[in-house]
Amino acid sequence: MTALSEWGLNVSNEQLVRPSSDFVIGVYNACLEQVTSISPNVLHKSTQRALASLDDANPDLYNNAILHNTMLYHLTRFATSARIMDFSSRDLSAPEPERTRFILSAFINFVKFAEQCTTFISNVREKSAQVIEEREQVTQELSEVQHNLAVLKAQRAKDEPKCEQLKEENAAMTTQLLAAKEVHTGLTKEIESLKIERAHLQARNETVNSESALLMDNNSRTRSRIVQSPERIRRNIITMGTTAIEDKKAVALHEAKARDLQAKISALVNIEKDVRSCVEQLQTTEKEVQLLEASQKELAELKDSLEYKKVERGELQKKTERVHKQLGNAQEKLERAQRHAEEKRQASQQTVERLQRDYEKMDVERRENDKQVEELRMEAGDIETKMAEHLKKSEAELNELLTEYWKLRHETEVYMETLANKLNMNVSSD
């Protein structure tokens, strides 16, 4: 009851003996507010926010139920922290005296324990500051990642038409390359056949040359052996001229074939150069495609990282809200404690001032009493002196009276004895 009185709650024994639902709800909410700073106003505001989010024409129908369930939820958590595992709504709606006193004792002990854990509150504040700093850092990193992601998205949107164009060009070049490859294959086969034919012609030319040399040798030997005949020589000349003409025609034909082969070889060289340039462009396109795939992969990783950062940001926001709430509760509790301490200080100051005034008043009264005591002491001394004198006088008078009394008694006894003797009477001296 003392602890509840310090919290501004007036609790009587009658309320503890016969607890009501409103009484236990008020006391339990006060204990809950001391530790968590969750007051009925906070619960009412959260209930109103929950009702505002409902799509219902009559949200007031659920007001009391939501408020009761919310309060029961927080009180159940509070009771679990206070090592009361079987706390239920029955303890609010139909409280029993013994159980109410047990729960109230556990709640008060838990509140006292929480008030002693000021070090923990300071640690929570430090952790809150660290979480706020980490949140700011994560927010900054998130803004940078979002900026980079926006840049990459813009670059990707900018490069998408070019990428589509490159894909189309790549497809066209691939088709051209396949066609050029087929043409190159055909031309290679034709070049091989032409090379074989050229080798055959060269071999035949060499054979013809060797035969011509043999014939010329035979002709020279024959000329040296035979007698010169003009007709025969003319015929031989005509024959040799015809043979030379045919040989010239064959040589011209071979030279034309060689020129055609040389032109075809030059064309093949040009085609090979074109094919090489196509291959290089294809390789460049493949590199750009690989770079694009790497960029897309990096973009996907950045998206995953962004989602992860969003999740972490949500968790940090929740933690920050909880820490802010705890910090607000601690600050509110600190302000309440400061107000309570200020009220106590003011009350103590007023008590000190009142005691100072009472002391000054008592000091004045004490001085007056000292004067009166001195006067009374003087009067008492005078009275004692007078009493001593009066006592002495009284004792003297008493002694005189006693002397007279014994003297009279003695005379009376003597007179009675004398009278008895004269009257012959026995008189006792009792």
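Everything numeric here is computed off the predicted structure, so don't read it as measured data.

## Thoughts on the overall build of the protein
Okay, so step 1: The secondary structure content of the protein amounts to 9 helices and 0 strands.
Okay, so step 2: Its helices and strands taken in sequence order, the protein reads α-α-α-α-α-α-α-α-α from the N to the C terminus.
Okay, so step 3: Scaling as 2.2 N^0.38, a compact globule of 430 residues should have a C-alpha radius of gyration of about 22 Å, whereas the protein reaches 67 Å, well beyond that.
Okay, so step 4: Taken over the C-alpha atoms alone, the protein extends approximately 260 × 60 × 45 Å along its principal axes.
Okay, so step 5: Buried residues in the protein amount to 18% of all 430 residues.

## Let's talk about a positive patch on the surface
Okay, so step 1: On the surface, a cluster of positive charge is made up of Arg135, Lys153, Lys303, Lys310 and Arg313.
Okay, so step 2: Counting residues per element, the ones that place at least two in the positive patch are helix H8 (118-225) and helix H9 (230-423).
Okay, so step 3: Residue contributions to the positive patch peak at 3 residues, all from H9.
Okay, so step 4: Tracing the backbone shows Arg135 in helix H8.
Okay, so step 5: On the accessibility criterion, Arg135 (34% relative accessible area) is partly exposed.

## Quick notes on the pattern of salt bridges
Okay, so step 1: The full count for this structure, using the stated rule, is 7 salt bridges.
Okay, so step 2: With a shortest N-O distance of 2.6 Å, Asp91 and Arg99 are connected by a salt bridge. As far as the burial class goes, Asp91 and Arg99 line up, both buried.
Okay, so step 3: Among the charged side chains, a salt-bridge network with shared partners connects Asp86, Asp91 and Arg99.

## A closer look at the nonpolar core
Okay, so step 1: Counting residues in each nonpolar core, the largest one holds 27 residues, and the members touching the most others are Tyr28, Phe87, Leu92 and Phe107.
Okay, so step 2: Contributions of two or more residues to this core are made by helix H3 (21-36), helix H5 (63-81) and helix H7 (97-116).
Okay, so step 3: In contact with Phe107, not counting residues within four places along its chain, are Tyr28, Cys31, Phe78, Ala79, Ala82, Ile84 and Phe87.
Okay, so step 4: Core analysis: the next-biggest nonpolar cluster, separate from the first, contains 5 residues, Leu142, Val145, Leu149 and Leu299 among them.

## Topic: the packing of aromatic side chains
Okay, so step 1: On inspection of all chains with the given rule, the structure shows 6 aromatic pairs.
Okay, so step 2: Through successive ring pairs, a cluster of aromatic residues spans Tyr28, Phe78, Phe87, Phe107 and Phe110.

## Looking at a nonpolar patch on the surface
Okay, so step 1: On the surface, Leu398, Leu402, Tyr405 and Trp406 cluster together into a nonpolar patch covering about 430 Å² of accessible area.
Okay, so step 2: Position of Tyr405 among the secondary structure elements: in helix H9.
Okay, so step 3: Take Tyr405: its relative accessible area is 43%, and that puts it in the partly exposed class.

## Describing the confidence of the model for the protein
Okay, so step 1: Mean pLDDT over the protein stands at 79; residues scoring 70 or higher make up 91%.
Okay, so step 2: Per-residue pLDDT, averaged within each element of the protein, yields its smallest value for helix H1 (residues 2-6) (66) and its largest for H5 (83).

## Side note on the side chain of Asp91
Okay, so step 1: Its place among the elements puts Asp91 in helix H6 (residues 90-93).
Okay, so step 2: When its relative accessible area of 7% is taken as the criterion, Asp91 is described as buried.
Okay, so step 3: In this view, Asp91 contacts Val24, Tyr28, Asp86, Arg99 and Ile103; residues no more than four positions away in its chain are not counted.

## Overview of the packing of H3 against H7
Packed helix pairs are characterised by how far apart their axes lie and by the angle those axes make with each other.
Okay, so step 1: Two elements in contact, H3 and H7, have axes whose closest approach is 9 Å; the angle formed by their N-to-C orientations is 15°. When the interaxial angle is binned, H3 and H7 end up roughly parallel. Seen from above, H3 lies across H7 with left-handed handedness. Residues Val24, Val27, Tyr28, Cys31, Gln34 and Val35 of H3 touch H7, and the partners they reach there are Thr100, Ile103, Leu104, Phe107, Phe110, Val111, Ala114 and Glu115.
Okay, so step 2: Considered class by class, the residues forming the contact of H3 with H7 number 11 nonpolar, 2 polar and 1 charged.

## Some words on unusual backbone geometry
Okay, so step 1: The phi torsion at Arg83 lies on the positive side, around 65°, for a residue other than glycine.
Okay, so step 2: Relative to the helices and strands, Arg83 resides in the loop between H5 and H6.
Okay, so step 3: Looking at Arg83, the relative accessible area reads 65%, which means it is exposed.

## Notes on a negative patch on the surface
Okay, so step 1: The grouping of Glu298, Glu301, Asp304 and Glu307 at the surface amounts to a negative patch.
Okay, so step 2: Structurally, Glu307 is set in helix H9.
Okay, so step 3: Classification of Glu307 by relative accessible area gives partly exposed; the value is 46%.

## Points about the side chain of Thr100
Okay, so step 1: Along the chain, the position of Thr100 falls in helix H7.
Okay, so step 2: If sequence neighbours within four positions are ignored, Thr100 has contacts with Pro19, Val24, Tyr28 and Pro95.

## Observations concerning H7
Okay, so step 1: Helix length check: H7 (20 residues) gives 29 Å between terminal C-alpha atoms against 28 Å at 1.5 Å per residue, within 8%.
Okay, so step 2: For H7, every residue scored as buried is listed here: Arg99, Thr100, Ile103, Leu104, Ala106, Phe107, Ile108, Phe110, Val111 and Ala114.

## Considering H3
Okay, so step 1: Helix length check: H3, at 16 residues, gives a terminal C-alpha distance of 22 Å against a target of 22 Å (1.5 Å per residue), a fit within 8%.
Okay, so step 2: Along H3, the positions that sit buried rather than exposed are Phe23, Val24, Ile25, Val27, Tyr28, Asn29, Ala30, Cys31, Leu32 and Gln34.
Okay, so step 3: Note on H3: the residue one or two positions beyond its end, Ser37, has a positive phi of about 60°.

What counts as what
- Residues numbered from 1 in each chain as written.
- Predicted model: local features only at pLDDT ≥ 70, side-chain atom pairs only at ≥ 80, totals over all residues.
- Heavy atoms only, no water.
- Helix = DSSP H or I, 4+ residues; strand = E, 2+ residues; numbered from the N terminus.
- Rg over C-alpha atoms; globule rule 2.2 N^0.38 Å.
- Buried < 20%, exposed > 50% of the residue type's maximum accessible area, 1.4 Å probe, protein only.
- Patch = residues over 30% accessible without salt bridge, like charges linked within 9 Å, V, L, I, M, F, W, Y side chains within 5 Å.
- Areas by Shrake-Rupley, 256 points an atom, 1.4 Å probe, with all protein chains shown as cover.
- Salt bridge = Lys/Arg side-chain N within 4 Å of Asp/Glu carboxyl O.
- Lys, Arg positive; Asp, Glu negative; His and termini not counted.
- Charge placed at Lys NZ, Arg CZ, Asp CG, Glu CD.
- Core = buried A, V, L, I, M, F, W, Y, C linked by side-chain atoms within 4.5 Å.
- Contact = heavy atoms within 4.5 Å.
- Phe/Tyr/Trp six-rings, centres within 6.5 Å; stacked < 30°, edge-to-face > 60°.
- pLDDT = per-residue confidence, 0-100.
- Axes fitted to C-alpha atoms, helices over the stretch in contact; angles between N-to-C directions.
- Parallel < 35°, antiparallel > 145°, perpendicular 65-115°, else oblique.
- Left-handed = near helix turned anticlockwise from the far one by under 90°.
- Nonpolar A, V, L, I, M, F, W, Y, C, P; charged D, E, K, R; others polar.
- Expected span 1.5 Å × (residues − 1).

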